[in-house]
Protein chains: 2
Amino acid sequence: MNSDKFYMIKNFKLIIEYDGTDYHGWQRQRNDRTIQQEIEQALSTMTASRVTLNGSGRTDAGVHAFGQVANFLCPTDLSEAVILKGLNSLLPDDIVIKDCRRVDEEFHARYDVKSKIYHYQIINRNVPSAIGRQYAWFVKRKLNAAAMRSALSHIFGSHDFKSFEGTGSPRSHTNRNIISADLIEQEDGSLTFKIEADGFLRYMVRNIVGTLVDVGLGKITPAQFGDILESKNRKKASATAPAHGLFLMEVKY
Amino acid sequence: MNSDKFYMIKNFKLIIEYDGTDYHGWQRQRNDRTIQQEIEQALSTMTASRVTLNGSGRTDAGVHAFGQVANFLCPTDLSEAVILKGLNSLLPDDIVIKDCRRVDEEFHARYDVKSKIYHYQIINRNVPSAIGRQYAWFVKRKLNAAAMRSALSHIFGSHDFKSFEGTGSPRSHTNRNIISADLIEQEDGSLTFKIEADGFLRYMVRNIVGTLVDVGLGKITPAQFGDILESKNRKKASATAPAHGLFLMEVKY
């Protein structure tokens, strides 16, 4: 009797939350610990086959996610619930699979993205925070939120975001469509920058935030923020905001 | 010429935020790292004299604080602002001094406490959280918040809290007056337990929370919660909730 079993190849979609503090970003790397690698290892352990994850896109070292999405193809008999439970028991506690669902075999987590939502957290008060310091950029000098919001008016819609692009990004063009962008002031003096777009260039959110903060500090006027965008020159924009304030919130398909 | 200077002894009040994750609690200990010790060391470095901090009370290993209060007496010429800045530059980034103020020499951070407010955070959803997992207790099974709130009605006012007291606590009696207690449901499915009292016995909040969660899980009825309180018997109450969900929010004088 032949005990080998043959399973149909199935496609699974994962929703993933992670604390990026201790990782060199999403993407598999030869010598550094990454999120993709941790999950692929756990999947390979569970399914006894080599599994490749397609992420919706990379997140850089130190960036967090509440709703990263990835899919993988695998010949397996395991149910969605068993995969979810098994992954969460194998993974370290700074990576959590929030949902596992079987999807159409055509679904691809990167190619099918319609839009992504990122949030960026800024702590703006006299002293740093001890609690949650891993999850926000501390800016001591009082920020002018109204000026920052006014600057934001320049980025709605479709633009060439070359001024806010990190070097060495793999992309075919630098046009992106901003669906929404807002700056929310919390009661405790912290600020949340929220942005949704059809796609993001490397470091784009962090470069926008770095430049916006210079608007908030009065170093740049809101009109100059618009000029920087139009210049399509990275050297005009401000320094990249640190990674640990950035969260990939949701990927829409 | 004699260059020695003599300064009047001054009394300073500190408001302190800390992430308790990496500490063996507030209180100075011979071999373990504690919050009190870190701040006393920094103060001694700054003032070149031996400084003893009076905390409003201990917090246990792993417990966090947004508003711990302490005072210290010191012969110094340093201003409040210089002490605040100096301490924050010397301290590790999981301890932050939020405020430093000169106070009447009679003020004592422990003896003068009128009341304290603690919060306890519970994550109640299908999967744990990766982000903020250091700051909340994860309870997977759905909690009945209405039953938990109903149980809370038994603890308002003055009671003997012997049932909810940890062993080996230094105290003269076990009566405490509960000024307010509430359970707030957040949109993301997390619960915040808030309690204000004129004082707390050791492990009191965590023992109340452990027992409340058993009410939320249906293992104990709200009426039985009242019986446990009246029994004055620690063995009747449930297990102590973990430390990392607990926050000392405010100390009132």
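Residues numbered from 1 in each chain as written. Chains lettered and ligands numbered in written order. Predicted model: local features only at pLDDT ≥ 70, side-chain atom pairs only at ≥ 80, totals over all residues. Heavy atoms only, no water.

### Describing the overall build of chain A
Now for step 1: For chain A, the count of helices and strands is 5 helices and 10 strands.
Now for step 2: Relative to a compact globule of 253 residues, whose C-alpha radius of gyration would be 18 Å, chain A shows 20 Å and is just as compact.
Now for step 3: Along the longest, intermediate and shortest principal axes, the C-alpha atoms of chain A span 80 × 40 × 30 Å.
Now for step 4: Split into buried and exposed, the 253 residues of chain A put 51% on the buried side.
Now for step 5: Across chain A, every contact between residues at least 6 apart in sequence was considered, and the portion connecting residues at least 24 apart equals 71%.
Now for step 6: Only carbon and sulfur atoms are counted for the fraction: they give 48% of the accessible area of chain A, which is about 12200 Å².
Now for step 7: With 33 positive and 29 negative side-chain charges, chain A shows a separation of 5 Å between the mean positions of the two kinds. (Helix = DSSP H or I, 4+ residues; strand = E, 2+ residues; numbered from the N terminus. Rg over C-alpha atoms; globule rule 2.2 N^0.38 Å. Buried < 20%, exposed > 50% of the residue type's maximum accessible area, 1.4 Å probe, protein only. Contact = heavy atoms within 4.5 Å. Areas by Shrake-Rupley, 256 points an atom, 1.4 Å probe, with all protein chains shown as cover. Lys, Arg positive; Asp, Glu negative; His and termini not counted. Charge placed at Lys NZ, Arg CZ, Asp CG, Glu CD.)

### A word on the nonpolar core
Note that soluble globular proteins tend to have their nonpolar side chains buried in a common cluster.
Now for step 1: B:I39, B:I155, B:F193, B:I195 and B:I208 are the most contacted members of the largest nonpolar core, which has 72 residues in total.
Now for step 2: A total of 7 residues in this core trace back to one element, the largest contributor, which is helix α4 (residues 204-216) of chain B.
Now for step 3: In terms of nonpolar packing, the next biggest core, distinct from the first, is built from 71 residues, A:F161, A:L191, A:L248 and B:A130 among them. (Core = buried A, V, L, I, M, F, W, Y, C linked by side-chain atoms within 4.5 Å.)

### A look at the packing of helix α3 (residues 145-152) of chain A against helix α4 (residues 204-216) of chain A
Residues and elements named next belong to chain A.
Now for step 1: Packing of α3 against α4 brings their axes to within 8 Å, and their N-to-C directions diverge by 130°. Judged by the inter-axis angle, α3 sits oblique to α4. For α3 against α4, the interelement crossing comes out right-handed. Mapping the contact onto sequence places A147, M148, A151 and L152 in α3 and L212, V213, V215 and G216 in α4. (Axes fitted to C-alpha atoms, helices over the stretch in contact; angles between N-to-C directions. Parallel < 35°, antiparallel > 145°, perpendicular 65-115°, else oblique. Left-handed = near helix turned anticlockwise from the far one by under 90°.)

### Here's the deal with the interface of chain B and chain A
Now for step 1: Facing 26 residues of chain B, the contacting portion of chain A comprises 26 residues.
Now for step 2: Note on chain B versus chain A: buried area summed over both sides is about 1800 Å², and carbon and sulfur give 60% of it.
Now for step 3: Counting the surface chain B buries against chain A, the share from its top three residues, B:A130, B:I131 and B:R133, is 32%.
Now for step 4: In this assembly, chain B and chain A are joined by 6 salt bridges.
Now for step 5: Elements with a minimum of two residues in the side of chain B that touches chain A: β1 (9-18), β3 (64-75), α2 (80-90) and β4 (95-103) of chain B.
Now for step 6: Counting residues per element, the side of chain B that touches chain A draws most heavily on β4(B), at 4 residues. (Buried area = accessible area lost by both parts, 1.4 Å probe. Salt bridge = Lys/Arg side-chain N within 4 Å of Asp/Glu carboxyl O.)

### Concerning the pattern of salt bridges
Now for step 1: By the definition in use, this model includes 22 salt bridges over all chains.
Now for step 2: Among the salt bridges present, the one from A:E38 reaches A:R33, with a minimum N-O distance of 3.0 Å.
Now for step 3: On the accessibility criterion, A:E38 (17% relative accessible area) is buried.
Now for step 4: Three or more residues joined by partner-sharing salt bridges are found here, namely A:E17, A:K98 and B:R125.

### With respect to the relation of the copies chain B and chain A
Now for step 1: Note on the copies: chain B fits chain A at an RMSD of 0.0 Å, the axial shift is 0.0 Å, and the rotation between them is 180°. When the rotation and shift are considered jointly, the pair of chain copies conforms to a two-fold rotation axis. Relative to the rotation axis, the closest C-alpha in chain B is found at B:G132, a distance of 3.7 Å.
Now for step 2: Interface overlap between copies: 100% of the residues of chain B at the interface are likewise at the interface in chain A, consistent with a symmetric, same-surface contact. (Least-squares fit on C-alpha atoms with pLDDT ≥ 70 in both.)

### Thoughts on helix α3 (residues 145-152) of chain B
All names here are of chain B.
Now for step 1: Among all positions in α3, only A145, A147, M148, A151 and L152 are buried. Mapping the buried residues of α3 onto a view down its axis gives an arc of 160°, with all of them on the same face.
Now for step 2: Buried residues belonging to α3 abut β8 (175-185), β9 (190-197), α4 and α5 (222-231).
Now for step 3: Two or three places before A146, at the opening of α3, N144 has a side-chain oxygen 3.1 Å from that residue's backbone nitrogen. (Arc of directions from axis to C-beta. Polar contact = N/O pair within 3.5 Å; in protein donor to acceptor, adjacent residues only side chain to side chain.)

### Considering the environment of B:L78
Residue and element names in this part refer to chain B.
Now for step 1: You can see L78 is positioned in the loop between β3 and α2.
Now for step 2: By relative accessible area, which is 26% here, L78 ends up partly exposed.
Now for step 3: Separated by 31 residues in sequence, L78 and T47 place their C-alpha atoms 8.1 Å apart.
Now for step 4: Non-local contacts of L78, meaning those with residues more than four positions away in its chain, are made with F12, M46, T47 and I83.

### Quick look at the domain arrangement of chain A
Residues and elements named next belong to chain A.
Now for step 1: One can read the domain layout of chain A as domain 1 (9-103) and domain 2 (115-252).
Now for step 2: With centres defined by C-alpha atoms, the gap from domain 1 to domain 2 works out at 28 Å.
Now for step 3: Across the domain 1 to domain 2 interface the summed buried area is about 1200 Å²; carbon plus sulfur atoms make up 56%.
Now for step 4: Its largest share of buried area at the contact with domain 2, domain 1 owes to D60, H64 and F66, together 42% of the area lost on that side.
Now for step 5: Connecting domain 1 to domain 2 are 1 salt bridge.
Now for step 6: One salt bridge in this structure joins R202 and D60, with 3.1 Å as the shortest N-O distance.
Now for step 7: Summed over the shared surface of domain 1 and domain 2, the number is 10 residue pairs in polar contact (both at pLDDT 80 or more).
Now for step 8: A breakdown of the residues in the side of domain 1 that touches domain 2 according to their chemical character gives 5 nonpolar, 8 polar and 3 charged. (Domains from an automatic or database assignment. Nonpolar A, V, L, I, M, F, W, Y, C, P; charged D, E, K, R; others polar.)

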